[in-house]
Every structure is written in C-alpha cells, then in structure tokens.
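Summary of the model geometry
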Amino acid sequence: MTLRREDIPVDRPTIIWADIVTLEGRLETKGHSFGITARQLNFAQNALIDTSGPEASPSFPAGDKASLGINQGDNGRNGDNGGQGAYAGSVLLIADTILGEISVFAPGGDGGDAQSGGDGAKGATAPPQPKKCRPGIQGGAGGRGGLAGKPGDGGPGARVQIYSSRNADSTPEFNVEGGKAGAQASHGNPGEGGDGGRGGEISYTLEPSSRN
C-alpha cells in the first residue's frame, strides 16, 4: 500500500499493519501519533513523517493589549498568558526492511505569544477650588498599567522508535526538539494624571484714592 498526505487523518492517531508500505510526500498528523508495522517499509524520495505539535492557543498578535481601565483612574487589565505549546506525536516504525532515507519531523509546538497589559485610565479631573484666591486642586492619579501576560512554554518533542533488521541504504534524519517559548509582551502604560481643578475666584475692590 502507498500512503500520501491525504490518507493521513489529522484528528486521531494513525496505525498501519501491512506487508509492504510506501510513504510519499509529507505525511502530517497535526501532533497525533503515527505507527507502522510492516515487512518492508519504503521511504520514497522526499518522503517525510511530520508529527510536529500544532500552534499553541491562545497566541496573541504583536501589539495586542488587554482592555484599559474603564473609569477615571482605573488600572489597566493584566495581559493573558500565551498557551502551552502542543506535544508532538510519537513515532513507531517496525519493519524487517526499511528502504530509502528515513526522515521524521517531530518537534514540539511553539508556545503562544503573551498579551500586553492594558493601559491605565486617565485620572479624574479635580473639582473647582471652592475657596477664593486659592490655587486649583490637584487632579486624580492615573491608573496603573496592567502587567504583561506570561509567554507559553514550548511543547516537548516526540519519542521516535525504529526497529529494523535490514536498513542498508538509509541515513536517518530526525528533528525531535522541544518547541520554542512564546514571545514576551510589554506591560501597559500608566494613565495620565487628571487635570487640575480651576482655582478659586479672585475678588477684590479698588477704592479711588483721595488727593488734596
């Protein structure tokens, strides 16, 4: 039998028992396990078993921020964490003879990028000064910026096991590294201080001077 990309389900593990199996092209499992037991297993030119972990969720685009403070002087919301990188699917190949170049790509999925913290809201505007001839009252403090979320950790690489009594013409190529951590995000900006209040009204009277 011959296995191609369209023959591989991506919602469950793949397990094959057959006499002779030929692999053609890139066989992707979206992180599910892949296993073959056969008398003869053939890797056609450019054949590749890909059980790498899928993209993490959630993963926030660069510049994405949590919500800012709603009311005057409110703190910004903390950013959400990026998702954990997905596990790669394990690979098990058992064959009396394996022909061709064995190639397995099974790294863990990258962690999700963190979300930036939300900006703090502007502080409240101070009320007018009720007393005459007094400076305006200081405006309210701006809200604190939210903390950035934590990037997701990369997923673990897969376990790959190959058993063959005859494998004369193959130089195996493997990639079973762990996924990379997600990108860091920035903390939110603090809100501006509130506007100062209007100073107290100035009231004065000028009396005419008397001259002799």
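Residues numbered from 1 in each chain as written. Predicted model: local features only at pLDDT ≥ 70, side-chain atom pairs only at ≥ 80, totals over all residues. Heavy atoms only, no water.

Some thoughts on the overall build of the protein chain
Helix and strand counts for the protein chain come out as zero helices and nine strands. Ordered by position in the sequence, the α and β elements of the protein chain form the string β-β-β-β-β-β-β-β-β. Within the protein chain, the proportion of its 212 residues that are buried is 38%. Total accessible area computed for the protein chain in this model is approximately 12600 Å², and 49% of it derives from carbon and sulfur atoms. (Helix = DSSP H or I, 4+ residues; strand = E, 2+ residues; numbered from the N terminus. Buried < 20%, exposed > 50% of the residue type's maximum accessible area, 1.4 Å probe, protein only. Areas by Shrake-Rupley, 256 points an atom, 1.4 Å probe, with all protein chains shown as cover.)

Overview of the pairing of strand 6 (residues 91-99)
The side chains of a regular strand alternate, first on one face of the sheet and then on the other. Across eight bridges, strand 4 (residues 34-43) lies against strand 6 in parallel orientation. By the bridge assignment for strand 6, Thr 37 is matched with Ile 94. Alignment of strand 6 against strand 8 (residues 160-166), held across six bridges, turns out to be parallel. Bridging across to strand 8, Leu 92 finds its partner in Gln 161. (Pairing = 2+ DSSP bridges.)

A closer look at the sheet that holds strand 5 (residues 48-50)
Across the sheet, four strands lie side by side as 3-5-7-9; this open sheet has parallel pairing. Looking along the sheet, the strands with just one partner apiece sit at the ends: strand 3 (26-28) and strand 9 (173-175). Geometrically, the sheet is characterised by an average inter-axis angle of 15 degrees between neighbouring strands, direction not taken into account. (Axes fitted to C-alpha atoms, helices over the stretch in contact; angles between N-to-C directions.)

Points about the environment of Gly 35
Tracing the chain through its elements places Gly 35 in strand 4. Taking relative accessible area as the criterion, Gly 35 reaches 13% and is therefore assigned buried. For the pair Gly 35 and Leu 93, spaced 58 residues apart in sequence, the C-alpha separation works out to 5.7 Å. Sequence-distant contacts of Gly 35, that is, excluding residues within four places in its chain, are made with Thr 14, Ile 15, Ile 16 and Leu 92. (Contact = heavy atoms within 4.5 Å.)

A word on the sheet that holds strand 1 (residues 2-3)
Strand order in this open sheet of five strands is 1-2-4-6-8, and the pairing throughout is parallel. Two strands lie at the open edges of the sheet, namely strand 1 and strand 8, each paired on one side alone. Bridging between strand 1 and strand 2 (residues 14-23) involves two bridges; their strand directions are parallel. In the sheet register, Thr 2 faces strand 2, and the bridge partner there is Thr 22.

A word on the nonpolar core
The tendency in soluble globular proteins is for nonpolar side chains to be buried as a group. Formed by 22 residues in total, the largest nonpolar core has its most connected members in Leu 3, Leu 23, Ile 36, Leu 41 and Phe 43. Counting residues per element, the ones that place at least two in this core are strand 2, strand 4 and strand 6. For this core, the element with the most residues is strand 4, which contributes five residues. (Core = buried A, V, L, I, M, F, W, Y, C linked by side-chain atoms within 4.5 Å.)

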